[in-house]
Amino acid sequence: MESFTPWRYCLLIAALAVHIFALELPPLVPAVQNYIAVDKPAFRLSNHVHIVVDKRDANSTTDNGLSLIPPTLLEFSQTFKADLERLFPQTTVSLSIDVAQDAIMNSAVITLSLSESLNSTLADASFTTEGYEMEVTSTTIRITASGSKGAFWATRTLLQGLVLTGGQFPSGKIVDQPDWRTRGFMLDVGRQWYPITFLQDLCTYASWFKVSEFHVHLSDNVAPQGNFHAYARFRLRPEDPALAGLTPHLNETYSREEFETFQAGCAARGVTVVPELESPGHALVITQWKPELALSTDPTLINLTVPDAIPTIKSIWKEFLPWFHTKQVSIGADEYNASLADDYNNFVNEMSDYIGKESGKTIRIWGTREPSNRTSVSKNITIQHWDFSDDDPFELIRSGYDVINSEDSFQYIVMKQSGSFPQQLNQTRLWDGANVNTGGTWDPHVFDRGNASNNPNISDAHLKGAIMAVWNDHGPTASTFLEAFYALKQGLPVVASAGWQAASRPNHLTHDEFLAAFPTLEASAPGQNLDRRIPSKGAVVVDYDLSHLNPVGAVFVKDLSGNGYDARLEDGVLHTPLGSKGHNYTLLIRAQLTGAPGTLLSGPDDSLGLEALPDGGLTLAFTSSNITYLLSNSSLPALDATRRDIVLTGTENGTSAFVDGVHAGDFLISIDQTNVFAPMAFVAPVQTVGGKAVRLERFIVWDGIQSVAVVSRTK
C-alpha cells in the first residue's frame, strides 16, 4: 500500500520556503558523474505533467548489457509514468509518442529520446547504453540517452531528486553514466525459500539505486554434518519427467511461468536476473537424487570421474537454459576437492563449451584455486572472486580473466549468525576502510584492504564490477524471507553507488550525503512495499472495539483510528482491509481465551496463534513459510480460559510478547540446533483477527514502539 505520506508534504512545504534560485542538487544515490548548475528557477511539478517519448526511438531496445529481453524506451517510459503517479498522486501524468524536439517547446513536459552521438563510456572507456544527459529548465526536462536503459536510469535520478526536494529539481544539465556494468547483489535462494513475488520486489527496490544484476543462487544445501538427508533444495521445477527426482518438494519450487514473469518484471526495471545452478560442489540436492554420483568422502561433491556425472549436469542445464533470458549464467563451481583439480578444470571448460553451443551464453564461476600445473580454466569464463584463500583476483586480471568483485571482507552477509561474516554490510568499512592504513571509500577495484598495490586500476577492462552476497548458511528456519530485505536494504545502495561511480571521481557520494538521503529514498522506492508500511494519520494505525458487538453473523466494525480502515466481523473473525504491518509496531489483542490452541492473527506474510505445549499448556507462536516459531525464554502465564491482554512489539531486530503487562518472552531461533540463539523479526499479521481460540474485545495497532504499561491501560 503506497500513498503520498505526511512527511512528503513537509518536504514540499520546506522546499517552497527556499528561495527559488537557491535550490541545489540533493544527495542522489548513486551520485551523478557531472552536474552543471545554472542560476535559474527550478523545475517544479505542477498539477499536470506530460511525458513525451520520441516517436523515432519509442520501440528501440538498444542495450549492450546482459539482458536478452530489454524493454523498449516506451515500456521504460510507462514504468516511469506509473512511478511518478505513485509518488506524487496530486499530479496527473499523461504520456504520448511524438517528436520530442517539438514537444519541448511546451510547459510541464518531460521528453525521452535516444542519441547515437552520446558518448557514454564506462571506466574502462568502453561504450555503454546506460548513459544519459538530462537538461532541466523551470518548465521542461529533456532526457537524452545512449540506450533505453540509460533513459530509465535518468528517470530514477529525476524521481529521487523530486522526492528529496518535495517536487522540485534544480535547473541545469546532468551528464551521467556508470563506471562498471556489473552492479549487483546475490541472494541464496537454495537454502531458504523465498516467494517469487518477494524476489520481484527486491528487483524493484534495487533498481531504484541503479542496480543492474540480480544473481539468484538457485540450488544449495546446509552443511550435512554426517546427515545425508540434510536440507538441500533445487528451486526450479523441471518439466522433463526424467528430472522429477531433483525436486521432490514441489511446493518449494518455481514453475517456468513464474520464473519467466519474474525475469520480465526485473528487466522492466533495468535489472537482469543471472541464475546460478551450483555444481559440482554444494550439490547434495543432486546426490540425494542420484547417490551414485557422490564423492565417497563428501556427499555434497559430485564425483566427476563417474561416467554419468557430467551427462547428468548437462541434462539439468539443457532443461533450464531456455528459461534464462541473460547472456551469461553461473554454474557455481565453488569449493571443490583439490585432489581432483584437473577433473574440475576440465569440467568447467566442458560446461562452458556445452552451454555456449547449446544457448550462445557465456558462464561465470566462483573463484576456486585448483592446484594444477597441467590444466586451467579457459579465459572466456568470468571469475567471481570472493576470498583470497581461493584465488588472487589481481593476478587473474593480469592473466586475462574477466573478474567480478564479491570480496567477502566487504560484501558478504550471512543471515542471523556467523563467526566470520556480519549480518549486514559493514558500513564503516565500506565508507572508511578500503585500506587498512589510509582508510578511504570502497569501490569495485578494491579487493585487497592490506595492500593497495594488489588492486587493479579502475580503468582495467577485465574488472567488470561488483556483486554483494546474502547467504543462508543456517537454512530455512533461521530467518523469515522479509528478514533478507532488512539485512541488505542499506548495504545494497552503497555497493550500487560504488559501482556506478568510482571513489576517485570528484563528485562521488560521501557518507554524510548518503546518511542524509537514504531514509527518505528507502521509504519512497516505488513499485514495492517491502517495509510493509501502512499509511496512518497518527500513531494509531487501526483501532477496533468489539466489546459490545455480537460475534455471531456479519457485523460492520468501524476503525476508531481515523484512518478509515473499517473491518467486517464474521463468525467471530475480524476481516480488515490490511495485510501486514511492518516495523516498528506495537499491537494489543484484548480477548477472552477459550483455552484451546488456534489462530489469533493472520496475514500474507505470517500468522500468530496459540500453540499447545507438551505439558498441556499454551504458548504464543508465529508461523512463517510453514515453519512455526514458539515463544522463547518464556515466562508466559497460563493462557487458560480467561480474559487476557496480549501485547506484541516488533522491530527489525526482534519480536517480544507481553501478557497482562508482563514480559512473557521473545521470539528466538536456535542456530543449527546449538545453544546460540538469534532473534526473529516478524511483521504484524493484520489481515484477519481472532478465531475459534478467542472472543475478541479490542484490537489496536500502533506505529512505533509504545510503552507496554500505557498500552495495557487502554480502556
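Residues numbered from 1 in each chain as written. Predicted model: local features only at pLDDT ≥ 70, side-chain atom pairs only at ≥ 80, totals over all residues. Heavy atoms only, no water.

### Let's talk about the pattern of salt bridges
If the charged atoms of two oppositely charged side chains come close together, the side chains can form a pair.
Here is step 1: If you walk through the whole model with that rule in mind, you get 35 salt bridges.
Here is step 2: The closest approach of N and O atoms between Arg233 and Glu252, which form a salt bridge, is 3.1 Å. In this pair, Arg233 is assigned in strand β13 (residues 232–234) and Glu252 in the loop between β13 and α6 (256–267), connecting sequence segments 19 residues apart.
Here is step 3: In this structure Glu252 comes out as buried when scored by relative accessible area, which is 16%.
Here is step 4: When the shortest N-O distance is used, the salt bridge between Asp660 and Arg644 registers 2.6 Å. With Asp660 in the loop between β34 (654–659) and β35 (662–666) and Arg644 in strand β33 (residues 643–651), the pair connects residues that are 16 residues apart, well separated along the chain.
Here is step 5: Asp660 gets classed as partly exposed once you look at its relative accessible area, which sits at 37%.
Here is step 6: Among the charged side chains, a network of salt bridges with common partners joins Lys489, Glu522, Asp531, Arg533 and Glu652. (Salt bridge = Lys/Arg side-chain N within 4 Å of Asp/Glu carboxyl O. Helix = DSSP H or I, 4+ residues; strand = E, 2+ residues; numbered from the N terminus. Buried < 20%, exposed > 50% of the residue type's maximum accessible area, 1.4 Å probe, protein only.)

### Thoughts on the nonpolar core
Here is step 1: With 150 residues, the main nonpolar core has Phe198 and Trp317 as its most contacted residues.
Here is step 2: Here the element with the most residues in this core is helix α4 (residues 148–164); it accounts for nine residues.
Here is step 3: Beyond its immediate sequence surroundings of up to four residues, Trp317 is in contact with Leu277, Phe324, Val329, Ser330, Ile331, Met351, Tyr354 and Ile355.
Here is step 4: By size, the runner-up hydrophobic cluster in this structure holds 47 residues, among which are Val557, Leu618, Phe622 and Leu648. (Core = buried A, V, L, I, M, F, W, Y, C linked by side-chain atoms within 4.5 Å. Contact = heavy atoms within 4.5 Å.)

### What about unusual backbone geometry?
Trans is the prevailing form of peptide bonds, just as negative phi is the prevailing case for residues other than glycine.
Here is step 1: Cis geometry marks the peptide bond from Val29 to Pro30; its omega dihedral reads 0 degrees.
Here is step 2: Looking at the secondary structure, you find Pro30 in the loop between α1 (6–17) and β1 (34–37).
Here is step 3: With an omega of 5 degrees, the peptide bond running from Ser279 to Pro280 counts as cis.
Here is step 4: Along the chain, Pro280 turns up in the loop between β14 (272–279) and α7 (284–289).
Here is step 5: Here the phi dihedral of Ala125 falls at roughly 75 degrees; this positive angle occurs in a residue that is not glycine.
Here is step 6: Mapped onto the elements, Ala125 comes out in the loop between β5 (109–114) and β6 (132–136).
Here is step 7: Overall, Ala125 belongs to the exposed group, its relative accessible area being 58%.
Here is step 8: Positive phi values are uncommon outside glycine, yet Asp660 reaches one of about 55 degrees.

### Things to note about the packing of helix α5 (residues 196–207) against α6
Here is step 1: Running from amino to carboxyl end, α5 crosses α6 at an angle of 15 degrees, the nearest separation of the two axes being 9 Å. Classed by the angle they form, the pair α5 and α6 counts as roughly parallel. Of the two possible hands of crossing, α5 and α6 adopt the one that is right-handed. Here Ile196, Leu199, Gln200 and Cys203 of α5 lie close against α6, whose contacting residues are Glu258, Phe259, Thr261, Phe262, Gly265 and Cys266.
Here is step 2: Split by residue class, the contact of α5 with α6 holds six nonpolar, three polar and one charged. (Axes fitted to C-alpha atoms, helices over the stretch in contact; angles between N-to-C directions. Parallel < 35°, antiparallel > 145°, perpendicular 65-115°, else oblique. Left-handed = near helix turned anticlockwise from the far one by under 90°. Nonpolar A, V, L, I, M, F, W, Y, C, P; charged D, E, K, R; others polar.)

### Here's the deal with the state of the cysteines
Here is step 1: Counting across every chain of the model gives one disulfide.
Here is step 2: The disulfide partner of Cys203 is Cys266, and the gap between their sulfur atoms is 2.0 Å. Classification of the bridge connecting Cys203 and Cys266 rests on its S-S torsion, roughly 100 degrees, and on that basis the disulfide is right-handed. Here Cys203 is found in helix α5, whereas its partner Cys266 is found in helix α6, with 63 residues between them in sequence. Like Cys203, the residue Cys266 is buried in the burial classification. (Disulfide = S-S within 2.5 Å.)

### Details of the side chain of Thr79
Here is step 1: Structurally, Thr79 is set in helix α2 (residues 73–87).
Here is step 2: On the basis of relative accessibility, which here comes to 16%, the residue Thr79 falls in the buried class.
Here is step 3: Setting aside residues no more than four positions away along its own chain, Thr79 makes contact with Phe152, Ala268 and Arg269.

### As for α2
Here is step 1: Counted at 1.5 Å a residue, the expected span for α2 with its 15 residues is 21 Å, and the 21 Å between its end C-alpha atoms agrees.
Here is step 2: Within α2, the full set of buried residues consists of Leu73, Leu74, Phe76, Ser77, Thr79, Phe80, Asp83, Leu84 and Leu87. (Expected span 1.5 Å × (residues − 1).)

### Focus on the side chain of Thr72
Here is step 1: Locating Thr72 in the fold gives a position in the loop between β3 (48–54) and α2.
Here is step 2: Once you skip the residues sitting within four places of it in the chain, Thr72 turns out to touch Ala58, Asn59, Ser60, Thr61 and Ser148.

Limitation: the analysis is restricted to geometry and does not speak to function.
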